[in-house]
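Here are the chains, one letter per residue:
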Amino acid sequence: MAESVYVNFPSQAVHDLEKMSPEYGLKVGRAIEQEWFNDNHSNRYNQTQNKFHNLRLYARGEQSIQKYKDELSINGDLSYLNLDWKPVPIIPKFVDIVVNGMSERLFNVRAYSQDQYGVSKRTEYMESIQRDMDSKVYNDQAAKLFNINLYENSPEELPDTKEELDIHMQLNYKQAVEIAEEQAINVLLEGNNYDLTRRRLIYDLTVLGIGCVKTNFNWSEGATIEYVDPANIVYSYTESPYFEDIYYIGEVKTIPINELAREFDHLTESDLQDIHSRSSKRNRTGRRMQQMDQNKVQVLYFNYKTYMNNVYKVKKTSTGGDKAIPKSDTFNPPEDKQGNYQKLQRVVECVFEGAIVLGTDKLLKWNKAENMMRSKSDFNKVKMNYSLVAPRMYEGRIESLVSRITGFADMIQLTHLKLQQVMSRMVPDGVYLDADGLAEIDLGNGTNYNPQEALNMFFQTGSVIGRSFTADGDQNPGKIPIQQISSGQGAGNKLQALIGNYNYYLQMIRDVTGLNEARDASMPDPKSLVGVQKLAAANSNVATRHILLSSMYLTSEVAEALSLRISDILEYSPTADAFVQAIGSHNVATLKEMSELYLYDFGIFLELEPDEQEKQLLENNIQTALAQQLIDLDDAIDIRNIRNVKLANQLLKIKRKKKQERDQKLQEQQAQAQAQANAQAQQAIAQTEMQKNQAKTQADLQLEQARNQGKLRHLQEEVRLKKELMEYEFELNQKLRSQERAGSRQIEQMKGDNKVEVEKTKQAPKKFESSGNDILGGGIGLDKFNPQIGN
């Protein structure tokens, strides 16, 4: 920490005219320079730069090796050490894991209108949906009975419950002006290559523990987004990680003299010479200041937040109305009030922009900032151009992921050097040869058994020849003339100890940062389950989530700043039409809405797309629901299209509930259909039985009719035959009667002839009638039809 320095900032309780004077701006610039750039070599700015420079070197694996040389040297002598002093790049691996993993996380900008226009539209639409939900039964009856559509919205898209209505408002409802705002912000982000800036911010948050970005507006480029190196910024003391209570912030830029002359065209030749001479004489103690070109100067650009009084003179007119006239804050109405004057005053925050050449008293710029960012919901507050965040800051001290592990990285480097030192002193295993033990040995083939021959035999066959007794019969102390010497056992133990030490400090880095093996997949346990590894990776993501949230905070601040600047540009800028055309060319339908954006006040939110772990958890829920047939495939497709995991899970629950209701209704319908089918089947059976009985009855009737007809035809035939027989009998009887009458006449004629002959002739006549054949089958006799004599 830099030693405390008394800083004398000018009082803010002065008139506005004094605040706007260059003298006041020069006092502010001198106070900032005194706080950060005092003559002490360990000033606050130099300390910050050196600290951040060292952290960046560690993050690159390029830290200074002097500390390691001091550790291993003896009184500074390194002549006996032949080591590779290059640092082991162990920290860059962990930095890349964090930065690359978070850089791939995508997000969507969401704008919600918070003013009375947008809120009224949203409320009106929501009330119309609620009315349709409440009157759905009556609307359906009206459409069915009278063919009248009383719905205000599409009945197919109406939610059924309050929960569905909330999901519907978040997923499906979007005002045209909100779409235009989101489109404008996205175009500005893409035009400024914010994706690259965001990667640098994540890298700074990981390595330095702080990130800074600046939004600005100029007439040539419009709204711009600039990356700011945290090593070059200065700010008022704060203990907040989000720096919302700072009242000044600045950035040191090293620019050449010619660029200075171009940017500040009011500077004369003498001014430039004076700036160059004073700046070159300045004590350059900082790391970059020592390497800076003499033709470059350091300029401090700063924002200073203060307050100003908006004063109005209110006068009664002759018509009885009030007329407000802007005045300075020194205005006071007459004491006698003869003019019927009144003073109205409002205190608002404002930002002054300044620029001063460090080491000089030359104030390059001091003016009230144009196009200040003010929210319409809180017009008295103002935002500065810079957005900062340091998630792990306490009492002004900033901690980062890299700063936690530099000590362990140093121990790993020392261990690596010790390993080299031990390996350089290791010698191979050898043998001990006792020359006296080779004496008096006869090989039996006339070959001399000298030391060289013994070594050749030993290295080629592993065998050795020796004598237990000497030629005199004494014990031979060199009976084993060759013995192996193991010289690497102690060095091997040292190597194992150093390797264990290396792994220990590597594990300490993992423990401190939370970046375990499951996160980088460097050494996964083959026996661990996949679920356990995923859980370990998820825990590692939680350990570094503060970095991701900090980057999203900066992105949200940038998007909100762009939203406010767009509003001001469209309202005040003479290039508003060109800006609208440039942004709205992607969607002509939003041109009208964009031209009226300045009437709205938006809340800007970021919707972070889920990572692979969250996607997998959601997909597991979807697959479980599909396997249990709790949702349909169409429902699964709709859920997968939602990028917000929380909303997706809520929609999954709603879809599951609706699927259960549909299944229950379907079961009821199936039961009703089954009952109807059973009733119809019973009715069909009854009808079939009835038809069968009817057919049988009809067949019996037809058979009976056929029988009756047969009988009738038989009777008719019998009647015809009997009729013919009766006619035939009648004819015979007629003939017989005729013969009888003829015989009677002849008898009468012959009466007188012979009485006896007459008697003979009176024999019984022969009957020709059928016996029993004149009776019909029905019992009808024909005796009534006998011919009557005498008729």
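All figures in this text were calculated on a predicted structure; none of them were measured in a lab. (Residues numbered from 1 in each chain as written. Predicted model: local features only at pLDDT ≥ 70, side-chain atom pairs only at ≥ 80, totals over all residues. Heavy atoms only, no water.)

1. So, the overall build of the chain
The helix and strand tally for the chain stands at 25 helices and 17 strands. For the chain, with 791 residues in total, the buried portion stands at 38%. Long-range contacts, defined here as pairs at least 24 residues apart, represent 74% of the contacts in the chain between residues at least 6 apart. In the structure as shown, the chain presents an accessible area of about 47000 Å², 50% of it carried by carbon and sulfur atoms. (Helix = DSSP H or I, 4+ residues; strand = E, 2+ residues; numbered from the N terminus. Buried < 20%, exposed > 50% of the residue type's maximum accessible area, 1.4 Å probe, protein only. Contact = heavy atoms within 4.5 Å. Areas by Shrake-Rupley, 256 points an atom, 1.4 Å probe, with all protein chains shown as cover.)

2. Focus on the packing of aromatic side chains
Aromatic ring pairs are described here by two measures, namely the spacing of the ring centres and the angle between the planes. Enumeration over the complete set of coordinates arrives at 16 aromatic pairs. Consider the rings of W36 and Y235, whose centres lie 5.5 Å apart with planes at 65°: the pair is edge-to-face. Here the residue W36 occupies a position in helix α2 (residues 22–36), and Y235 occupies one in strand β4 (residues 233–235), the gap between them amounting to 199 residues. The same class applies to W36 as to Y235, namely buried. Measuring from centroid to centroid gives 6.2 Å for Y247 and Y304, while their planes differ by 85°, and the two rings are edge-to-face. Of this pair, Y247 sits in the loop between β4 and β5 (248–256) while Y304 sits in strand β6 (residues 296–316), and the two are 57 residues apart along the sequence. (Phe/Tyr/Trp six-rings, centres within 6.5 Å; stacked < 30°, edge-to-face > 60°.)

3. Some details on the layout of surface pockets
A probe matching the size of a water molecule, rolled over the atoms, marks out where space remains unfilled. Looking at the largest pocket, its volume works out to about 810 Å³. Taken together, 30 residues form the lining of the largest pocket, with K214, N216, F217, N218 and K365 sitting closest to its centre. Elements that contribute at least two residues to the lining of the largest pocket include exactly β2 (211–218), α11 (257–263), β6, β8 (341–357) and β9 (363–368). At 4 residues, the largest contribution of residues to the lining of the largest pocket is made by β2. Class assignment for the residues of the lining of the largest pocket results in 10 nonpolar, 8 polar and 12 charged. (1 Å grid on protein atoms, 1.4 Å probe; cavity = no way out; pocket = protein on both sides within 12 Å on 5 of 7 lines; lining within 4 Å. Points joined across faces, edges and corners; volume = space filled by probe spheres on them. Nonpolar A, V, L, I, M, F, W, Y, C, P; charged D, E, K, R; others polar.)

4. A look at the nonpolar core
Counting residues in hydrophobic clusters, the biggest one holds 99 residues, and the most contacted among them are I32, I90, I210 and L388. Looking at this core element by element, the count peaks at 8 residues for helix α19 (residues 545–572). Beyond its immediate sequence surroundings of up to four residues, L388 is in contact with I210, G211, C212, I233, Y235, P241, Y242, F243, I249, Y553 and L554. (Core = buried A, V, L, I, M, F, W, Y, C linked by side-chain atoms within 4.5 Å.)

5. Let's talk about the packing of helix α3 (residues 44–60) against helix α14 (residues 401–424)
Between α3 and α14, the shortest axis-to-axis distance is 10 Å and the interhelical angle comes to 60°. Taken together, the axes of α3 and α14 lie oblique to each other. The crossing of α3 and α14 is left-handed. Two secondary-structure elements touch here, α3 through L55, Y58 and A59 and α14 through V402, S403, T406 and D410. Along the lines of polarity and charge, the residues of the contact of α3 with α14 split into 4 nonpolar, 2 polar and 1 charged. (Axes fitted to C-alpha atoms, helices over the stretch in contact; angles between N-to-C directions. Parallel < 35°, antiparallel > 145°, perpendicular 65-115°, else oblique. Left-handed = near helix turned anticlockwise from the far one by under 90°.)

6. What about the confidence of the model for the chain?
Across the chain, the average pLDDT comes to 78, with 80% of residues at 70 or higher. Ignoring residues within four places in sequence, the model shows residues 283–287, a span with pLDDT below 50, making 17 contacts including any to other chains. Low confidence marks residues 527–539, where pLDDT is under 50. Its contacts with residues over four positions away, or in another chain, come to 10 contacts. (pLDDT = per-residue confidence, 0-100.)

7. Overview of the packing of helix α23 (residues 633–640) against helix α24 (residues 645–749)
Following both chains from N to C, one finds α23 and α24 inclined at 165°, their axes separated by 10 Å at the closest point. In this view, α23 runs roughly antiparallel relative to α24, as classed from their interaxial angle. Judged by the twist between their axes, the crossing of α23 over α24 is right-handed. Across from D635, D638 and I639 in α23, the residues of α24 making contact are A648, L651, L652, K655 and R662. The residue inventory of the contact of α23 with α24, partitioned by class, reads 4 nonpolar, no polar and 4 charged.

8. Thoughts on α3
Compared with the 24 Å implied by 1.5 Å per residue over 17 residues, the 24 Å span of α3 between its first and last C-alpha is a close match. N-cap assignment for α3: the residue whose side-chain oxygen lies 3.2 Å from the backbone N of Y45 is N43. (Expected span 1.5 Å × (residues − 1). Polar contact = N/O pair within 3.5 Å; in protein donor to acceptor, adjacent residues only side chain to side chain.)

9. Section: the pattern of salt bridges
Applying the stated rule across the entire model yields 27 salt bridges. As a salt-bridge pair, R110 and E182 come within 4.0 Å of each other at their nearest N and O atoms. On the criterion of sequence distance, the pair formed by R110 in strand β1 (residues 107–113) and E182 in helix α9 (residues 176–191) is long-range, its members being 72 residues apart. Judged by its relative accessible area of 24%, R110 is partly exposed. Here R131 makes a salt bridge to E152, at a shortest N to O gap of 2.9 Å. Of this pair, R131 sits in helix α6 (residues 116–134) while E152 is found in the loop between α7 (136–145) and α8 (162–171), placing the two residues 21 residues apart along the sequence. What emerges from the salt-bridge pattern is a single network uniting R56, D204 and D229. (Salt bridge = Lys/Arg side-chain N within 4 Å of Asp/Glu carboxyl O.)

10. Quick look at the sheet that holds strand β3 (residues 222–227)
As summarised here, the arrangement of the 3 strands in space is β3-β2-β12, forming an open sheet in which the pairing is antiparallel. In this open sheet, the two strands that pair with only one neighbour each are β3 and β12 (386–389). Between one strand axis and the next, the sheet turns by 15° as a mean value, whatever way the strands run. Where β2 meets β12, 4 bridges bridge the pair, whose relative direction is antiparallel. The partner of C212 across the bridge, within β12, is L388. (Pairing = 2+ DSSP bridges.)

11. Overview of the environment of Q63
On the secondary structure map, Q63 appears in the loop between α3 and α4 (66–72). In the structure, Q63 is positioned 346 residues away from A409 in sequence and 9.9 Å away in space, judged by C-alpha atoms. Beyond its immediate stretch of four places on either side in the chain, Q63 contacts L57, Y58, Y68 and P87. Polar side-chain contacts of Q63 include one of 3.3 Å to the side chain of Y68.

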